[in-house]
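An overview of the molecular structure
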Amino acid sequence: MKNFKILLFPILFFLISFAGLAQQGNGGWSGNNSYSRLFNPKTIVELKGTITSIEKIIPTKGMSNGIHLTIKIAKKESYSVHLGPQWYLDNQSIKFRIGDVIIVKGSQITYKNAPTIIAVTVEKGKTILTLRDKNGFPVWSGGGNRSNN
């Protein structure tokens, strides 16, 4: 009976941990929701700018917090840059701060009547953070590429 209890606790711990991960899911940040479908590979741009603000946003109902940067580019124009889910970015080694100069490559869209970039990559110094593939499929979703048919 004692051996059974010794084995039971690690098994229960594993099952509880696994259940928590399953419930978290991707927080609505899948590669095939209405927000992700805003990404257009034909509108890829590259911008260099300075971060003027960092905010948490929820792009559409049912999604968890995402990280949004505002950058000011050389022409003094500001752009919103949508990176991805906060839970994913919190686990990356690259961290962003106001005043950082970055190079963003991504799909330029209009979101809430403002020019917005859904980032594919963000370069800070010699570090490049890849967030999506060239078709906009998010790296945090894993698996194969989404179909654009």
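Shown above is the structure to which this text applies.
In this text, all values refer to a predicted model and were calculated from it rather than measured experimentally. (Residues numbered from 1 in each chain as written. Predicted model: local features only at pLDDT ≥ 70, side-chain atom pairs only at ≥ 80, totals over all residues. Heavy atoms only, no water.)

Considering the arrangement of structural elements, one finds Ser34 in the loop between helix H1 (2-24) and strand S1 (44-57). Separated by 26 residues in sequence, Ser34 and Thr60 place their C-alpha atoms 8.2 Å apart. (Helix = DSSP H or I, 4+ residues; strand = E, 2+ residues; numbered from the N terminus.)

A separate point is the environment of Ile51. The topology assignment puts Ile51 in strand S1. Given a relative accessible area of 1%, Ile51 falls into the buried group. Residues Ile51 and Val101, 50 residues apart in the sequence, show an inter-C-alpha distance of 6.4 Å. With residues up to four places along the chain from it excluded, the contact list for Ile51 reads Leu69, Thr70, Ile71, Phe96, Arg97, Ile98, Gly99, Asp100 and Ile102. (Buried < 20%, exposed > 50% of the residue type's maximum accessible area, 1.4 Å probe, protein only. Contact = heavy atoms within 4.5 Å.)

The subject of this paragraph is the side chain of Gln86. Positionally, Gln86 belongs in helix H2 (residues 86-89). Residue Gln86 is classed as buried on the basis of its relative accessible area, which comes to 17%. If we ignore the near neighbours within four places in the chain, the residues touching Gln86 are Lys56, Asn65, Gly66 and Ile67.

These figures capture arrangement, not role.
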